[in-house]
Amino acid sequence: MPQWLFAFLAALAIIGALGAILQRNLVHCVLGFALVLIDLGVLYMGLGAVTVGFLQIIVYVGAIMVLFLFVIWLLNIQADTGVRGGASLGLKLIGALAAAALAAELFVIFSHAPKLREVRTIAPSFGSVATLARVLFTRYLIAFETTSLLLLAAIVGAVALARRLAGQSAAVAAIPPRPGMRAPESRREVA
Amino acid sequence: MTPIVDYMALSAILFAIGVIGVLIRRNVIVMFLAIELMLNAVNLAFVALGRRIGSMDGQVIVFFVMTVAAAEAAVGLAIIISMFRNRETVNADELNLLRW
């Protein structure tokens, strides 16, 4: 991948990530994050990991982000307080500084790793479906089969958690609606 | 040709943005998004380092991380729906009880 293209994609990823954590509207947060995910998928393809790049776009943007959007719309959450609200400004400043220190620390570590600067050529088949499948279904076969069990457990768990229990709606109706949030009646039609 | 160290730097920046997101936002959905952002930053490091050593293992790990992230998103969002149904809030500061 040429350097200018990488610089463009990296800038786009950072802008998208900042948008994802700083926007007040939750839908804008999710869309900013979707931008980061598509961008990372393109970066994977540039690194030769074509299959993983497409999987990233299909699984993350196509499934996980849509799930996030559905939940935001299902809960009908109105405008958020954004970065204001919650803990005091000083605490947030300390948190941001700690995260910046973490990034600086990682930069120092990377700058002391000379092997990261060497460029290596790869075989044309690197990252193709066939190469990935060969590794996945031989060395990682047991782990691959275990993920199917994990997904089954996640499906059952998600349905069990999100299900409305009998007699629960009466308890919800007893809670008065908070200001800035619609009355529960309008929400219950969707749920 | 971009050296791998640039990808690692981008990965570190995205991870730090994810940490900041968890620390400064109180909305559980945004905190969850920030956690996903950290997962993706680490995925980028896996793919870049896998290319550097010429091994497919990094990409296989990314495949597994994606699977776990999908399962995590389904269960996590179900928990958020359940919390919102019981407490009518998605603010992490107001969710301070381990019961309803």
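Residues numbered from 1 in each chain as written. Chains lettered and ligands numbered in written order. Predicted model: local features only at pLDDT ≥ 70, side-chain atom pairs only at ≥ 80, totals over all residues. Heavy atoms only, no water.

Q: Which parts of the structure should I look at to understand the overall build of chain A?
A: Counting secondary structure elements, chain A contains eight helices and zero strands. Reading the secondary structure of chain A in the N-to-C direction produces α-α-α-α-α-α-α-α. A buried classification covers 33% of the 191 residues belonging to chain A. In chain A, the share of contacts with a sequence separation of at least 24, taken over all contacts with a separation of at least 6, comes to 55%. Carbon and sulfur atoms make up 73% of the accessible area of chain A, which amounts to about 11,000 Å² in all. (Helix = DSSP H or I, 4+ residues; strand = E, 2+ residues; numbered from the N terminus. Buried < 20%, exposed > 50% of the residue type's maximum accessible area, 1.4 Å probe, protein only. Contact = heavy atoms within 4.5 Å. Areas by Shrake-Rupley, 256 points an atom, 1.4 Å probe, with all protein chains shown as cover.)

Q: Help me understand the interface of chain B and chain A in this model?
A: The accessible area lost on association of the parts is a frequent measure of interface size. Facing 75 residues of chain B, the contacting portion of chain A comprises 89 residues. Interface area for chain B against chain A, summed over the two sides, is near 7,700 Å², with a carbon-plus-sulfur share of 75%. Broken down residue by residue, the surface that chain B buries against chain A is led by Arg51(B), Arg85(B) and Glu88(B), which jointly contribute 11%. Joining chain B to chain A, the criterion identifies one salt bridge. (Buried area = accessible area lost by both parts, 1.4 Å probe. Salt bridge = Lys/Arg side-chain N within 4 Å of Asp/Glu carboxyl O.)

Q: How should I be thinking about the confidence of the model for chain A in this particular structure?
A: Interpretation of this model should avoid reading the predicted coordinates in detail wherever pLDDT is low. All names here are of chain A. Residues with a pLDDT of 70 or more make up 81% of chain A, whose mean pLDDT is 83. Here residues 170-174 is modelled with pLDDT under 50, and outside its nearest four sequence neighbours on either side it reaches five contacts, counting other chains as well. In the model, residues 183-191 has pLDDT below 50 throughout and makes 17 contacts with residues more than four positions away in sequence or in other chains. (pLDDT = per-residue confidence, 0-100.)

Q: What should I look at first to understand the nonpolar core in this one?
A: The nonpolar side chains of a soluble globular protein tend to be buried, and buried together. In this structure, Leu43(A), Met65(A), Phe68(A) and Tyr7(B) are the most contacted members of the largest nonpolar core, which totals 77 residues. Those elements giving two or more residues to this core turn out to be helix 1 (3-22), helix 2 (26-46), helix 3 (50-75), helix 4 (89-111) and helix 5 (129-136) of chain A together with helix 1 (4-24), helix 2 (28-52) and helix 3 (57-87) of chain B. The residues touching Phe68(A), leaving out its near neighbours within four places in the chain, are Val30(A), Ile29(B), Phe32(B), Leu33(B), Glu36(B), Ala73(B) and Leu77(B). (Core = buried A, V, L, I, M, F, W, Y, C linked by side-chain atoms within 4.5 Å.)

Q: How should I be thinking about the pattern of salt bridges in this particular structure?
A: Here the idea is simple: oppositely charged side chains can pair when their charged atoms come close. Here the structure, examined in full by the defined rule, presents two salt bridges over all chains. The shortest N-O distance in the salt bridge between Arg139(A) and Asp57(B) comes to 2.9 Å. With Arg139(A) in the loop between helix 5 and helix 6 (141-162) and Asp57(B) in helix 3, the pair connects residues from two separate chains. Here Arg139(A) falls in the exposed class, since its relative accessible area comes to 57%. Owing to a relative accessible area of 23%, Asp57(B) belongs among the partly exposed residues under this scheme. In this structure, the salt-bridge partner of Arg26(B) is Asp93(B), at a minimum N-O distance of 3.5 Å. With Arg26(B) in the loop between helix 1 and helix 2 and Asp93(B) in the segment after helix 3, this residue pair connects regions lying 67 residues apart in the sequence. Residue Asp93(B) is classed as partly exposed on the basis of its relative accessible area, which comes to 39%.

Q: Explain helix 6 of chain A to me, please; I cannot follow it from the model alone.
A: The periodicity of an α-helix, 3.6 residues per turn, causes residues three or four places apart in sequence to face the same way. All names here are of chain A. Between its first and last C-alpha, helix 6 extends 32 Å over 22 residues, near the 32 Å set by a 1.5 Å rise per residue. The complete set of buried residues in helix 6 reads Thr-147, Ala-154 and Ala-158. The arc that holds the buried residues of helix 6, viewed along the axis, is 25°, so those residues lie on one side. Facing away from the buried surface of helix 6 by more than 90 degrees, the exposed residues are Ile-142, Leu-149, Leu-152, Val-156 and Val-159. (Expected span 1.5 Å × (residues − 1). Arc of directions from axis to C-beta.)

Q: I would appreciate a short explanation of the packing of helix 2 of chain B against helix 3 of chain B in the present structure.
A: For any two helices packed against each other, one specifies the crossing angle of their axes together with the interaxial distance. Residue and element names in this part refer to chain B. At a closest axis distance of 10 Å, the pairing of helix 2 and helix 3 adopts a crossing angle of 175°. One finds that helix 2 runs roughly antiparallel with respect to helix 3. On the side of helix 2, the interface is formed by Val-28, Ile-29, Phe-32, Ile-35, Glu-36, Leu-39, Asn-43, Phe-46 and Val-47, while helix 3 contributes Gly-58, Ile-61, Val-62, Val-65, Ala-69, Glu-72, Ala-73, Gly-76, Leu-77, Ile-80 and Met-83. Here the contact of helix 2 with helix 3 is built from residues that sort into 15 nonpolar, three polar and two charged. (Axes fitted to C-alpha atoms, helices over the stretch in contact; angles between N-to-C directions. Parallel < 35°, antiparallel > 145°, perpendicular 65-115°, else oblique. Nonpolar A, V, L, I, M, F, W, Y, C, P; charged D, E, K, R; others polar.)

Q: Whenever I open this one, empty space enclosed by the protein confuses me. Can you help?
A: Here the idea is plain: a probe the size of a water molecule rolls over the atoms and shows the empty space left. For the structure on display, the rule yields three cavities of 30 Å³ or more. Its volume calculated, the largest cavity comes out at about 50 Å³. Lining the largest cavity are Leu47(A), Glu118(A), Val119(A), Arg120(A), Met1(B), Thr2(B), Pro3(B), Ile4(B), Arg51(B) and Arg52(B). Class assignment for the residues of the lining of the largest cavity results in five nonpolar, one polar and four charged. (1 Å grid on protein atoms, 1.4 Å probe; cavity = no way out; pocket = protein on both sides within 12 Å on 5 of 7 lines; lining within 4 Å. Points joined across faces, edges and corners; volume = space filled by probe spheres on them.)

Q: Would you mind showing me how to read the side chain of Thr51(A) here?
A: Residue and element names in this part refer to chain A. Residue placement: Thr-51 occurs in helix 3. Thr-51 sits in the buried class, given a relative accessible area of 14%. Sequence-distant contacts of Thr-51, defined by excluding residues within four places in its chain, comprise Gly-127, Ser-128, Val-129 and Leu-132.

Q: Would you explain the environment of Asp6(B) in this entry?
A: If you trace the backbone, Asp6(B) turns up in helix 1. Relative accessible area serves as the criterion here: at 21%, Asp6(B) is assigned to the partly exposed category. Sequence-wise, Asp6(B) and Ala48(B) are 42 residues apart; in three dimensions their C-alpha atoms are separated by 9.5 Å. Setting aside anything within four residues of it in sequence, one finds Asp6(B) in contact with Gln3(A) and Phe6(A).

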